Amino acid sequence: MYGRSSRWLAVAMSVAAMGRAAAQAKKDAMGMGSPSAKPMGAMAMDAAEYTIVFKSTWTQASHPFEYPEAGLVTGPHFSGIIGAAHNASYTLFKPGMMPTPGLERLSEEGKHSPLDAEIKAAEMAGNAAFLFESGPLRDFKDSLVAVVRVDPKHQMVSLVAMIAPSPDWFAGVSNINLWENGHWAASRTVPVYAWDSGGDDGNTYKAADVDNNPKKATMQAVSRHFAPSGTAVPVGTLTITKK
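About the criteria used
Residues numbered from 1 in each chain as written. Predicted model: local features only at pLDDT ≥ 70, side-chain atom pairs only at ≥ 80, totals over all residues. Heavy atoms only, no water. Helix = DSSP H or I, 4+ residues; strand = E, 2+ residues; numbered from the N terminus. Buried < 20%, exposed > 50% of the residue type's maximum accessible area, 1.4 Å probe, protein only. Contact = heavy atoms within 4.5 Å. Pairing = 2+ DSSP bridges. Salt bridge = Lys/Arg side-chain N within 4 Å of Asp/Glu carboxyl O. Arc of directions from axis to C-beta. pLDDT = per-residue confidence, 0-100. Phe/Tyr/Trp six-rings, centres within 6.5 Å; stacked < 30°, edge-to-face > 60°.

## Structural notes on the overall build of the protein
- In terms of regular secondary structure, the protein is built from four helices and twelve strands.
- Among the 243 residues that make up the protein, the fraction classed as buried is 38%.
- The contacts of the protein with a sequence gap of at least 6 include a subset with a gap of at least 24, amounting to 72%.

Right, dumping it as structure tokens:
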């Protein structure tokens, strides 16, 4: 009896297993199979692409103290923006941090080199993932536009642009985290303030080139040029929109 019952039980289990396999195969064919499906969190954490738009708000009306005279070359303008997606192990700039050679040259001359090489070195180390750049902004009716790609390992964005003319002043944002509340943000709009890289000792827009020796730490620019009433006034607005 036990032998016959065992055989019938084995047959029943085999039939049931075949039924489950057939049902799973049907689900897989319909795209409903669970083994290959990504959890919702993993789907949300896939890479995302954003459009970056920088708009100047630096005008004679908002920043009247010694505002530069208009001119095709020497008039007020911004160098092209340069930045990257990155993780918490990379910092483009922050208050109290000494400027890198790349940030110093960007802030003094508007050149992207060697800052671009510094960012690429961070990419090789796994701390940055997507360098982006743009051309300069001379007509403030226009905007600077770039595209950045973020991923689960590089959720933050930082960028800088020289304020010109100036001794070593730049506009920038640092460590904008685009991952919030379990998903990629649809859009972020942030004010962009002026910063003093610490590389030059000049204190007017057209000051002579006098390097700081030793170098000073980067700090927010709060002179009358950028804080006319004692409170810093943004020189631009940055809008980051998910594609």
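## Points about the pairing of strand 12 (residues 236-242)
- As defined by bridge partners, strand 1 (residues 48-56) adjoins strand 12 across seven bridges and the pair is classed as antiparallel. Residue pairing in the sheet places Ser56 in a bridge with Gly236 of strand 12.

## With respect to the pattern of salt bridges
- By the definition in use, this model includes five salt bridges.
- Ionic pairing is found between Lys215 and Glu104, a salt bridge with its closest N-O pair at 2.7 Å. Here Lys215, found in the loop between strand 10 (187-196) and strand 11 (219-220), pairs with Glu104, found in helix 3 (residues 101-109); they are 111 residues apart in sequence, far enough to count as distant.
- Lys215 sits in the partly exposed class, given a relative accessible area of 31%.
- Of the residues examined, Glu104 reaches a relative accessible area of 14% and is grouped as buried.
- Among the salt bridges present, the one from Glu180 reaches Arg188, with a minimum N-O distance of 4.0 Å.

## A look at helix 4 (residues 115-124)
- Three or more residues of helix 4 are buried, namely Leu115, Asp116, Ile119 and Ala122. Within helix 4, the buried residues cover an arc of 115° as seen down the axis, which keeps them to one side.
- Where helix 4 is buried, its residues touch strand 3 (82-86), helix 3, strand 4 (128-133) and strand 6 (156-164).

## Remarks on the confidence of the model for the protein
- Looking at the protein, the pLDDT average stands at 87 and 82% of residues meet or exceed 70.
- Across residues 1-19, confidence stays below pLDDT 50; counting only partners more than four residues off in sequence or on other chains, it has zero contacts.
- Every residue in residues 21-43 is under pLDDT 50, and counting partners more than four places away or in other chains gives eight contacts.

## A word on the pairing of strand 10
- Pairing geometry for strand 7 (residues 169-177) and strand 10, over four bridges, is antiparallel. Within strand 10, the position partnered with Gly172 by the bridge is Tyr193.
- Strand direction decides the pairing type here: strand 10 and strand 12, joined by six bridges, are antiparallel. Paired with Arg188 across the two strands is Ile240, which belongs to strand 12.
- Bridge count for strand 10 against strand 11 is two bridges, and the pairing is antiparallel. Note on strand 11: the bridge partner recorded for Asp196 is Met219.

## Quick word on the packing of aromatic side chains
- Throughout the structure, instances matching the rule amount to twelve aromatic pairs.
- Consider the rings of Trp58 and Phe78, whose centres lie 5.5 Å apart with planes at 70°: the pair is edge-to-face. Here Phe78 lies in strand 2 (residues 77-78) and Trp58 lies in the loop between strand 1 and strand 2, a separation of 20 residues in the sequence.
- The exposure class of Trp58 is buried, given its relative accessible area of 0%.
- Here the aromatic rings of Trp58 and Phe140 are separated by 6.1 Å at their centres, their planes lie at 40°, and the arrangement is tilted.

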